[in-house]
Structure formats: structure tokens, C-alpha cells
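# A closer look at the structure
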Amino acid sequence: MTIIAVFSLLVGLMMVGMPIAVAMGLSAAIIMLFMGGFDLLVMFPQRLYSATTSFPLLAIPFFILAGNLMNTGGMTHRIFNFAHLFVGRVRGGLAHVNVVGSMLFSGMSGSAVADAMGLGTVEIAAMKKAGYSARYAAAITCASSTIGPIIPPSIPLVIYGSLAEVSVGALFLGGILPGILMGVGMIVAIALRARRLDLPRSEGWPPLRDAVRIAVDAVPALLTPGIIMGGILTGVFTPTEASVVAAIYALLLGIFYYRELRVEDLGEILMVTGRQTAQVMFIIAAAGAFGWVLVQQQIPNLVIDAVLSLSQRPWMVLLLVNIVLFILGMFIEGIAIMIMVFPIFVPLMAKIGVDPVHFGIVMTLNLMIGLLTPPVGLCLYVVADISKVPMSELVVEMWPYLLALVAVLGFVTYVPEFTMFLPRLFGFA
């Protein structure tokens, strides 16, 4: 009965139009008051605060800042031009460029929304100019943006690492191969449909001098992932400190090398970064309080026992967990889901012998797919807004790439060696 009451209250508040973070925080406060009176309710502010004070979470504002600096400082269109050199000349070339560009940008921002808003604006404009339909360009952009939080750095992986007390460096390494596989899966889906859709083919190769200029111009931007991961793996700085390095590097590149970032732009960039950080941290705080209530009411233990009573086979439990995460992703923001279900699913994974690094990648990948599913898919709203394509058309156009991502999720879920190869190679697992 407690489980039903807790989640009925949360769902009821969401159904009356309350934002998910407010609904979770209010649900937690009401349950505390009902279960323990004011003596327990005094814990509510403490739970909100403690959920946001983990040291690794300091990386969030700096990775958000780095992404905003890159979008303003001229790095996004140079990444796009660089990707165009390699995959832009085949049929549907700009669609492939869209995916490869997102894979490259993933190594810098750590955010699907930053990818969709920054690089996505450049990609959609270029594809429309080349003869692609607006809805096709928007669908590819929306799907490819989900690679951002899988290939390191990654804001969701920082949050998961903080919750699970797992090395963020191990999680970053674990996300590299699955992120690349996501890109390959979408490229294959594009290639299979390119001729049937009669997608445009780009012009011939540029002169050697122009190609060299484009490549050289992109090199400083492309060094960002190497600086971040190289510093982490060599122990020069922690993942949290890496976020500061990324922000400073993007600032210096934008002002002194590319010279597209003006000092007067910094005020607006900092305001946007502050607003985005506050939104994320508010979700983390509210979800942290709600998660504490779940633990206090021993709901995780009840759910774990119920799941294991259905099956104790790891493959079946993983399937059930993936289905639950996928359904939740249709209605709730990904970070909120991660914090809310963490007390339930991570202990469950430990019981069936699933490595927490592997599960962190599986969970994050699943939640990124949720960004593409109506009615609450955040990337759907962002891309629909910048492309002016109705969301209904966007969803219809995107289904082949959504299927490709689900196939990748299945592979990553059931072949843990694929995810764990790099963490083990570098001694993290």
C-alpha cells in the first residue's frame, strides 16, 4: 500500500500539470509530514541540500559553461566542417555529417541539449540549404544529439558516479565504445534509407588547400576530448577539475584563437549557464529528497523482492529494468529518473552481479532514448523549436533511428564486455 500511495501522489501531482521537480519535492514533503509529522518534516530541507553537495556535482556547471562557450565561440561550425570532409560526399552525406559531428561534439559538452541547440542549429540550416526536408534534418539532429551524454564527458554519468560512488573516470571510459556504436548504428540506418529517400549527394571533394585549412582550423577544438580524458587518465586532474579545464580552454579558444567570442558575450553566457545549472540542481535536490523518502519507507527492498520473485536470471531482470526505464523516460526527465530509481535499481543490480559501471552506461543510454520519446522528450521540444517542425512529424520521421538506438541498447545491455573493455584496460575495473 505504501508503494501505491507514494507513486500515486507523484503521478497525481504531475497529471495536474505540476513540473516534475516540484511534484517530487512536494510528494516527499507530504509523505514526510504524513508518516512522521513535523519531527520528520524538518529533514526535508536537509535532504534537499545534501543531495546537491557532492564534490563531483561541481562538474555540472562547468561542463554546461564549456558547452555554451563552444556554441558561441565558433567551435561548432568548425566541427561540422571537419566532419563534412570525411563523410559529406556520399549519398545522404550531410545526414552522416550530422551524426559524426555530434560524436565529435559529444567529447566536449556532455549534454544532449547543448548538442541539439548549438551544433543542431548549424546542421539543420546546412541540410535544408542542401535540399533535405526540414523534418528529415530535424529528425537526424534530434536522434544524434543523444550521443552527447554517452561519449565523455557526460553530465548524467557525473551524477550517476556521485550517487553510486563509482569512479567517474571509469564511467567516462565505459561510455566511449557504446557512444561510437550509437553513431555507427545511426549511420547504418541513414545508409539503408538514403537511396529509397533519394537523399542529396554533396559536391565533390574540396581543393587540397581548402581541406587542409578546414582540418587545421578544427584541430584546437578537436583536442578538447583528448585534454579532458588525457588529464583524467594520467591523474593530472579529477573529472570535476576536468570540467573547469574544459571551460577555460573553450574560453581561451573562443577569444584568442577563433576570435568569435567577445568579452561582452560573457555576461549572457554566464546568465544562461546559471539558469541551466539551477534547473538541473533543482531536479537533483527534489529527486534526492524523494529518493530518501523511498529508502526511509523501505520501498527499494519491496521492489527488489518483487522483481526477484518474478525471475532471478540476470538477463530477464535487465530486460524488466530497461522496460521500466524506457516507459518512465516517456514521462519524466532523465536526471530525475536516475536519482529517483537509483536506490531501487543499483542494489538490485548488485544482487544479480551486474557491474555498476556497466549498469551506469545502460541506464544513461536508456534515459537518452527517453529524450526522443513523446510526450516529455526534451530533445524533441528543443529541435522542434529550432527547426519549426511540428513534433508529430518529427516523431514519425525519427522512428528508424530510434529503432537503431534501441538495438544498440540491447547489445550494450547483454554484452557487458563491450562496455567494460576500456575501463579494465586502464585499470579501473
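Presented here is a report on the structure given in the accompanying data block. Residue numbers restart at each chain and count upward from 1, following the sequence in its written direction. Whole-chain, interface and lining totals are the exception, using all residues; otherwise, since this is a predicted model, local features are given only for residues with pLDDT of at least 70 and side-chain atom pairs are given and counted only at 80 or more. Side-chain measures were taken over the full set of non-hydrogen atoms in the model, leaving aside hydrogen atoms and water.

## Section: the overall build of the protein chain
Secondary structure elements are defined from DSSP: runs of H or I of at least 4 residues count as helices, runs of E of at least 2 residues count as strands, and each element is numbered from the N terminus. When helices and strands are tallied, the protein chain shows 20 helices and zero strands. A radius of gyration in this sense is built from C-alpha atoms; the matching globule rule multiplies 2.2 Å by the number of residues raised to 0.38. Compactness check: the protein chain gives a C-alpha radius of gyration of 22 Å against a globular reference of 22 Å for 429 residues, within 12% of the reference. Judged by the C-alpha coordinates and their principal axes, the protein chain covers about 70 × 50 × 45 Å. Counting all 429 residues of the protein chain, 54% fall into the buried class. Sequence separation of 24 or more characterises 80% of the internal contacts of the protein chain that already satisfy a separation of 6 or more. Areas reported as accessible are Shrake-Rupley estimates using a 1.4 Å probe. Residue values count occlusion only from the protein chains shown. Of the roughly 17,900 Å² that the protein chain leaves accessible, carbon and sulfur atoms contribute 69%. In this tally, Asp and Glu contribute negative charge and Lys and Arg positive charge; neither His nor the terminal groups of the chain are included. Lys charges are placed at NZ, Arg charges at CZ, Asp charges at CG and Glu charges at CD. For the protein chain, the separation between the mean place of its 20 positive charges and that of its 20 negative charges on side chains is 9 Å. To sort residues, take the accessible area from a 1.4 Å probe on protein chains only and compare it with the maximum for the residue type: under 20% means buried, over 50% means exposed, and anything in between is partly exposed. Any two residues whose heavy atoms approach within 4.5 Å at even a single point are treated as in contact.

## Some words on the packing of helix α10 (residues 168-194) against helix α11 (residues 208-233)
With axes taken as lines fitted to C-alpha atoms, and helix axes fitted only over the stretch in contact, angles between N-to-C directions fall between 0 and 180 degrees. Relative to each other, α10 and α11 sit at 135 degrees, their axes nearing to 10 Å. It follows that α10 is oblique to α11 by the angle criterion. The hand of the α10/α11 crossing is left-handed. Residues Gly169, Phe172 and Leu173 of α10 form the contact with α11, whose participating residues are Met229, Ile232 and Leu233. Residues are sorted three ways: Asp, Glu, Lys and Arg are charged, Ala, Val, Leu, Ile, Met, Phe, Trp, Tyr, Cys and Pro are nonpolar, and all the rest, Gly among them, are polar. Looking at the contact of α10 with α11, its residues break down into five nonpolar, one polar and no charged. Angular relationships are summarised with four words: roughly parallel below 35 degrees, roughly antiparallel beyond 145, roughly perpendicular across 65 to 115, and oblique for the angles in between. A clockwise turn of the near helix away from the far one marks a right-handed crossing, whereas an anticlockwise turn of less than a right angle marks a left-handed crossing.

## Notes on the packing of aromatic side chains
Aromatic contacts are taken between Phe, Tyr and Trp rings whose centres are within 6.5 Å, Trp giving its six-membered ring; a plane angle under 30 degrees counts as stacked, one over 60 as edge-to-face, and the others as tilted. Evaluated as defined, the whole model comprises four aromatic pairs. Taken together, a centroid distance of 6.4 Å and an interplanar angle of 80 degrees make the contact between Tyr136 and Tyr401 edge-to-face. Of this pair, Tyr136 sits in helix α8 (residues 134-144) while Tyr401 sits in helix α19 (residues 391-414), and the two are 265 residues apart along the sequence. Grouping residues by exposure puts Tyr136 and Tyr401 together as buried. A ring pair is formed by Phe411 and Phe418, whose centres lie 5.2 Å apart and whose planes are at 75 degrees; its orientation type is edge-to-face. Its relative accessible area of 22% is what places Phe418 among the partly exposed residues.

## Considerations on the state of the cysteines
Two cysteine sulfurs form a disulfide in these notes if their separation is within 2.5 Å. Overall, the coordinates contain zero disulfides when judged by the stated rule. The thiol of Cys142 is not disulfide-bonded; the next cysteine sulfur, from Cys379, is found 5.4 Å away. We classify Cys142 as buried; its relative accessible area is 0%.

## Digging into the pattern of salt bridges
Note on definitions: salt bridges are taken to be side-chain nitrogens of Lys or Arg within 4 Å of carboxyl oxygens of Asp or Glu. Taken as a whole and judged by the stated rule, the model has seven salt bridges. The partner of Arg78 in a salt bridge is Asp217, and the shortest N-O contact between them spans 2.7 Å. Taken together, the positions of Arg78 in helix α5 (residues 75-87) and Asp217 in helix α11 put the pair 139 residues apart, joining distant regions of the chain. Its relative accessible area of 12% is what places Arg78 among the buried residues. The exposure class assigned to Asp217 is partly exposed, which follows from its relative accessible area of 24%. Through salt bridges with shared partners, one network takes in Arg78, Asp217 and Glu260.

## Some remarks on the layout of surface pockets
The distinction between a cavity and a pocket rests on a 1 Å grid over the protein atoms alone: a 1.4 Å probe fits inside a cavity but cannot get out, while a pocket stays open yet meets protein on both sides within 12 Å along at least five of seven lines, and a residue with an atom within 4 Å of a point counts as lining. Grid points are joined across faces, edges and corners, and a volume is the space filled by probe spheres set on the points. Volume-wise, the largest pocket comes out at about 1,100 Å³. Val113, Gln276, Gln279, Val280 and Leu378 are the residues nearest the centre of the largest pocket, which is lined by 47 residues in total. With nine residues, the single largest contributor to the lining of the largest pocket is helix α13 (residues 266-296). Residues of the lining of the largest pocket, tallied by class, amount to 29 nonpolar, 14 polar and four charged.

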